[in-house]
Amino acid sequence: MLAVLKATDCEDALRLANDSEYGLTGSFYGKANLARARAEFYVGNLYLNRKSTGALVGGHPFGGFDMSGTNAKAGGRDYLRLFLEAKVVSERV
């Protein structure tokens, strides 16, 4: 599924993107504001100037923020990760 919303500027775009109870994957396209998107876009998998898919299995952590969590069980080896927020940033240069 893809959601598209019109934003007036970068600040409005980040506000719209972050105004969700989910935060699995997001994309940001542009020449300016890449550093701002990297710092402020609240998702577990962020893609800059590239397609919004393509996480490398075994190379990228996969899981999102908020309601797009990891479902790790208490006491399991992934339990500590519930207290961390891994973020992947991929950019075409």
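To start, this report covers the structure provided alongside it.

Rules used throughout
- Throughout this description, residue numbers start from 1 for each chain and increase along the sequence as written.
- The model is predicted, so local features are restricted to residues of pLDDT at least 70 and side-chain atom pairs to those at 80 or more, both for listing and for counting; the totals for chains, interfaces and linings are taken over all residues.
- Heavy atoms from the whole structure form the basis of all side-chain values; hydrogens and water molecules are not counted.
- Remark: exposure states derive from per-residue accessible area (1.4 Å probe, protein chains only) relative to the maximum for the residue type, with buried under 20%, exposed over 50%, and partly exposed in between.
- Strands here mean DSSP runs of E at least two residues long; helices mean DSSP runs of H or I at least four residues long; both are numbered from the N terminus.
- One bridge is not enough; two strands pair if DSSP finds at least two bridges between them.
- When the strands point away from the viewer and the path from the first strand over the helix to the second turns clockwise, the crossover is right-handed.
- Axis lines are fitted through C-alpha atoms, for helices just across the contact stretch, and the angle between N-to-C directions can take any value from 0 to 180 degrees.

Take the pairing of strand β3 (residues 45-48) next. Because side chains alternate across β3, one face comprises the buried residues Asn-45 and Tyr-47, and the other comprises Leu-46 and Leu-48, equally buried. Inspection of the sheet shows strand β2 (residues 25-28) paired to β3 by four bridges, in the parallel sense. Within the sheet, the bridge partner assigned to Ser-27 lies in β3 and is Tyr-47. Handedness of the crossover joining β2 and β3 through helix α2 (residues 34-40): right-handed. Sheet topology note: the β3/strand β5 (residues 88-91) ladder contains four bridges and is parallel.

What follows covers the sheet that holds β5. Backbone hydrogen bonds are what pair the strands of a sheet, in a parallel or an antiparallel way. Strands sit in the order β2-β3-β5 across an open sheet of three strands; the sheet is parallel. The two strands at the open ends of the sheet, each matched to only one other strand, are β2 and β5. Averaged over all pairs of adjacent strands, the angle between strand axes in this sheet comes to 15 degrees, irrespective of strand direction.

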